[in-house]
Amino acid sequence: SSASSVSGTPVSEGSKGTVAGVAKAVSPSIVDVRAAVEGGRSGGSGVIVSGDGEIITNNHVVSGASQIKVETSDGKSYDAKLVGADPDKDLALIKLSGASGLKVATLGDSDALRVGDGVVAIGSPEGLSGTVTSGIISALDREVTVPVEDGDGGQGTPWDGGGDGGWPFEF
């Protein structure tokens, strides 16, 4: 069977388009993000968008962090710094120190999404590294808002997934 390539990782033609095939192709571009924040630690996942270490993650993971550490899928650990954030969209860009040659994620075209399309989520919910799940696109053009704490300079609210068990998103 012939091989095709997504994100530089060979995937057999037979598994291309399957959850297993997507996980194999994309997992090298997913990282674990850990941050030291006021009152404890925060964690989540991120996506490599440049070979020298630019990572997109959720703002609530790194907001107010005094230290950010990132581990790549091959087990390497890096220090990172916050480059910029959009608290209203719960997005942040961080940059690894001393990284090179990282496997960059191949980003799709969100304009091509249709209700019912299959999707795969890969990340670290509740600190469980390398978790893979699948689902479908249930709707398009819905806004997701996240709470922003007063007095924090608009950096969003760190959410550790625990505590009161509340979900931080509104639909």
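See the structure above.
Analysis parameters
- Residues numbered from 1 in each chain as written.
- Predicted model: local features only at pLDDT ≥ 70, side-chain atom pairs only at ≥ 80, totals over all residues.
- Heavy atoms only, no water.
- Pairing = 2+ DSSP bridges.
- Helix = DSSP H or I, 4+ residues; strand = E, 2+ residues; numbered from the N terminus.
- Patch = residues over 30% accessible without salt bridge, like charges linked within 9 Å, V, L, I, M, F, W, Y side chains within 5 Å.
- Areas by Shrake-Rupley, 256 points an atom, 1.4 Å probe, with all protein chains shown as cover.
- Salt bridge = Lys/Arg side-chain N within 4 Å of Asp/Glu carboxyl O.
- Buried < 20%, exposed > 50% of the residue type's maximum accessible area, 1.4 Å probe, protein only.
- Axes fitted to C-alpha atoms, helices over the stretch in contact; angles between N-to-C directions.

## Quick notes on the pairing of strand β4 (residues 40-48)
Within a regular strand, side chains alternate between the sheet's two faces.
Argument step 1. Across eight bridges, strand β3 (residues 30-37) lies against β4 in antiparallel orientation. When the bridges of β4 are listed, V31 appears paired with G46.
Argument step 2. Counting the residues in the hairpin turn of β3 and β4 gives two residues, including G39, whose phi is positive at 85°.
Argument step 3. When β4 meets strand β5 (residues 54-57), the two strands line up antiparallel, connected through three bridges. Within the sheet, the bridge partner assigned to I48 lies in β5 and is I55.
Argument step 4. The hairpin turn running from β4 into β5, its antiparallel successor, is five residues long, and G53 in that turn takes a positive phi close to 105°.

## A look at a nonpolar patch on the surface
Argument step 1. On the surface, L113, V115 and L140 cluster together into a nonpolar patch covering about 240 Å² of accessible area.
Argument step 2. Relative to the elements of secondary structure, L113 occurs in the loop between β8 (91-96) and β9 (118-123).
Argument step 3. In this structure L113 comes out as partly exposed when scored by relative accessible area, which is 34%.

## Observations regarding the sheet that holds β8
One key point about sheets: their strands pair by backbone hydrogen bonds, in either a parallel or an antiparallel sense.
Argument step 1. With respect to topology, six strands assemble into a closed barrel ordered β3-β4-β5-β8-β7-β6, the strand pairing being antiparallel. Ignoring which end each strand starts from, the neighbouring axes of this sheet average 40° apart.
Argument step 2. Pairing analysis gives four bridges linking β5 to β8, with the strands arranged antiparallel. Residue pairing in the sheet places T57 in a bridge with A92 of β8.

## Considering the pattern of salt bridges
Argument step 1. One pass over the full model with this rule turns up three salt bridges.
Argument step 2. In this structure, the salt-bridge partner of D79 is K69, at a minimum N-O distance of 2.6 Å. With a gap of 10 residues between them, D79 in strand β7 (residues 77-86) and K69 in strand β6 (residues 67-71) connect regions that are remote in the sequence.
Argument step 3. According to the relative accessible area criterion, K69 is partly exposed, its value standing at 32%.

## Digging into unusual backbone geometry
Argument step 1. Look at D90: it is not a glycine, yet its phi comes out positive at around 55°.
Argument step 2. Take D90: it is sitting in the loop between β7 and β8.
Argument step 3. Phi is positive for D141, close to 60°, though the residue is something other than glycine.
Argument step 4. Looking at where D141 falls in the secondary structure, it is placed in the segment after β10 (131-136).

Take it as geometry only, folks, not as evidence of what the structure does.
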